[in-house]
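Topology and contacts: notes
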Amino acid sequence: MPADLIRSGLLSDVAQYAYAAVVPEGTRLVFLAGSCPLDESGVTVGTRDYLRQAEQCVANLRTVLGELLADITDLVSTRVLVASTDQQDLGAAWHGYRAAIAPHDPPSTLLGVTVLGCDHQLVEIEAVAAIRC
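Thresholds applied
Residues numbered from 1 in each chain as written. Predicted model: local features only at pLDDT ≥ 70, side-chain atom pairs only at ≥ 80, totals over all residues. Heavy atoms only, no water. Phe/Tyr/Trp six-rings, centres within 6.5 Å; stacked < 30°, edge-to-face > 60°. Helix = DSSP H or I, 4+ residues; strand = E, 2+ residues; numbered from the N terminus. Buried < 20%, exposed > 50% of the residue type's maximum accessible area, 1.4 Å probe, protein only. Expected span 1.5 Å × (residues − 1). Contact = heavy atoms within 4.5 Å.

Time to look at the packing of aromatic side chains. Aromatic rings considered in pairs are described by the distance between their centres and by the relative angle of their planes. Inspection of every chain in the model, using the stated rule, returns three aromatic pairs. Ring centres 6.1 Å apart and planes at 70° place the aromatic pair Tyr-17 and Tyr-19 in the edge-to-face group. With a centroid separation of 6.1 Å and 80° between ring planes, the pair formed by Tyr-17 and Trp-94 is classed as edge-to-face. One end of the pair, Tyr-17, is in the loop between strand E1 (4-6) and strand E2 (20-22); the other, Trp-94, is in helix H2 (residues 87-101), with 77 residues separating them in the sequence. Its relative accessible area of 28% is what places Tyr-17 among the partly exposed residues. For Trp-94, a relative accessible area of 10% puts it in the buried group. Taken together through their ring pairs, the aromatic side chains of Tyr-17, Tyr-19, Trp-94 and Tyr-97 make up a single cluster.

Encoded structure:
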């Protein structure tokens, strides 16, 4: 892993993620497009299933990272977008995301939004990776 994940002893340890990531010299940042819960044919998986959609988003991130000769441990920041105003739905998506990237825990933000771009889409995950040059 090219980045140092920072956990603060002065802040709560309840958070399931690091509070910051520091990327050293000699590392290039890769900004990944929002990963959608689409299968290989472009069909949204897990209609009405927040957890399943989060898992598919991470699987798609893994595919793109693999093409860059990187993996989940190279993520230095993520943003999980969930089309819902219900905290239980956000929690389900978060659980699917966390389980799919564990034990890695980059700084992350979980957001409820009104709508996402694909038919039946409930979850989207944006990410930044750091890859050694």
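Okay, helix H1 (residues 50-67) next. Taking 1.5 Å per residue as the helical rise, H1 with its 18 residues ought to reach 26 Å, and the 26 Å between its terminal C-alpha atoms agrees with that figure. Buried residues belonging to H1 abut strand E3 (27-35), strand E4 (75-83), H2 and strand E6 (123-132). Looking one or two residues past H1, Leu-69 carries a phi angle of roughly 60°, positive in sign.

The quantities given are spatial measurements derived from coordinates; they are silent on function.
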